[in-house]
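Examination of the molecular architecture
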Amino acid sequence: MGDLATQAVVITGLAYGRRATLEISGDTLTWRARRGTFSSGPSVPENIVTTVHDVRFARWLELPWSYAGTATLALGVALALTGAPLGGAIAAAAGLALLVWRRTHPRQFLILDVGDRRLVLRVALPSAARARSLAERVDRALASGEAPLSPPTLP
C-alpha cells in the first residue's frame, strides 16, 4: 500500500453505533458520521473537515482478547474439576472458540482528538491498515512540528 499522503482513501467503520467514514485526501481529513443513538430519536449529521496537522492526538487500538471467552473458559475448567466433566468440556470449548474468534477478529479503534471533539471510529477489518497508517502519519506530523501546506478546502 502506498503512502497516505499521495492517495485519497476512505476508512470505514462505526461511530456512535452507526456507519461512519473518514476520508483522507492529501493532508485533509473529512469525518462523516451521525450522532445520536437509535433509541434517542433522530440523529444529527456530524461533518468535520480538518488537516492531519490539526489533530492533537491519534491512537490506534487493537483489542485481541475476549473477556467473555476467558471467563467462559475458566468456568468450564472449574465445572470440569468439580464433577461436571461434560458441561465443563462444553463450556471450555465455547470459551476457547470465543478466544480464537476474537484473536483472529480483534476489535480495532482509531481515536483522534480534533478541536473540542474526540472522534472514535471502530474500524472495519478491511480499513485497518489504512487507519493504522493514518495514526502513524499524525504521530510523525506531531513529532516533527510540520505545518500544513494549505488550509483544508470545504467539501
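Scroll up to find the structure this text is about.
Residues numbered from 1 in each chain as written. Predicted model: local features only at pLDDT ≥ 70, side-chain atom pairs only at ≥ 80, totals over all residues. Heavy atoms only, no water.

Here we come to the overall build of the chain. Looking only at helices and strands, the chain features three helices and seven strands. Order of helices (α) and strands (β) in the chain, N terminus to C terminus: β-β-β-β-β-α-α-β-β-α. The contacts in the chain between residues at least 6 apart in sequence include a share of 55% that link residues at least 24 apart. Carbon and sulfur atoms provide 62% of the accessible area of the chain, an area that totals close to 9100 Å². (Helix = DSSP H or I, 4+ residues; strand = E, 2+ residues; numbered from the N terminus. Contact = heavy atoms within 4.5 Å. Areas by Shrake-Rupley, 256 points an atom, 1.4 Å probe, with all protein chains shown as cover.)

Time to look at helix α2 (residues 85-104). The terminal C-alpha atoms of α2 lie 28 Å apart, and with 20 residues this matches the ideal 28 Å at 1.5 Å per residue to within 8%. Looking at α2, one finds that the buried residues are Gly88, Ala91, Ala92, Gly95, Leu99 and Arg102. Relative to the axis of α2, the buried residues are bounded by an arc of 100° and lie together on one face. Exposed and oriented more than 90 degrees from the buried face of α2 are Leu86 and Ile90. Next to the buried residues of α2 lie β5 (55-63), α1 (67-81), β6 (107-114) and β7 (117-123). (Expected span 1.5 Å × (residues − 1). Buried < 20%, exposed > 50% of the residue type's maximum accessible area, 1.4 Å probe, protein only. Arc of directions from axis to C-beta.)

Per the counting criterion, the structure on display carries one cavity of 30 Å³ or more. There is about 30 Å³ of room inside the largest cavity. In terms of lining residues, the largest cavity is bounded by Leu22, Leu29, Thr30, Trp31, Ile48, Thr50, Leu112, Val114 and Leu119. Residue assignment for the lining of the largest cavity shows that the elements contributing at least two residues are β3 (28-35), β4 (44-51) and β6. Top contributing element to the lining of the largest cavity by residue count: β3, with three residues. A class-by-class count of the residues in the lining of the largest cavity yields seven nonpolar, two polar and no charged. (1 Å grid on protein atoms, 1.4 Å probe; cavity = no way out; pocket = protein on both sides within 12 Å on 5 of 7 lines; lining within 4 Å. Points joined across faces, edges and corners; volume = space filled by probe spheres on them. Nonpolar A, V, L, I, M, F, W, Y, C, P; charged D, E, K, R; others polar.)

This paragraph deals with the packing of aromatic side chains. Per the counting criterion, the structure on display carries zero aromatic pairs. Its end group placed over the ring of Trp65, Arg103 keeps NZ or CZ at 5.1 Å from the ring centre. (Phe/Tyr/Trp six-rings, centres within 6.5 Å; stacked < 30°, edge-to-face > 60°. Lys NZ or Arg CZ within 6 Å of the ring centre and 35° of its normal.)

The next point concerns the pairing of β6. β6 sits mainly inside the fold: seven of its eight residues count as buried. Here β5 pairs with β6 via eight bridges, running antiparallel. By the bridge assignment, Leu63 is partnered in β6 with Arg107. Sheet topology note: the β6/β7 ladder contains six bridges and is antiparallel. Each bridged residue has a counterpart across the sheet, and for Val114 the counterpart in β7 is Arg117. Connecting β6 to the next strand, β7, in antiparallel fashion are two residues, including Gly115 with a positive phi near 60°. (Pairing = 2+ DSSP bridges.)

The next thing to look at is the environment of Trp31. Mapped onto the fold, Trp31 is located in strand β3. Residue class for Trp31 comes out buried when judged on its relative accessible area of 2%. For the pair Trp31 and Val49, spaced 18 residues apart in sequence, the C-alpha separation works out to 6.4 Å. Dropping the residues within four chain positions of it, Trp31 is found in contact with Ala15, Thr21, Leu22, Glu46, Asn47, Ile48, Leu119, Val120 and Leu121.

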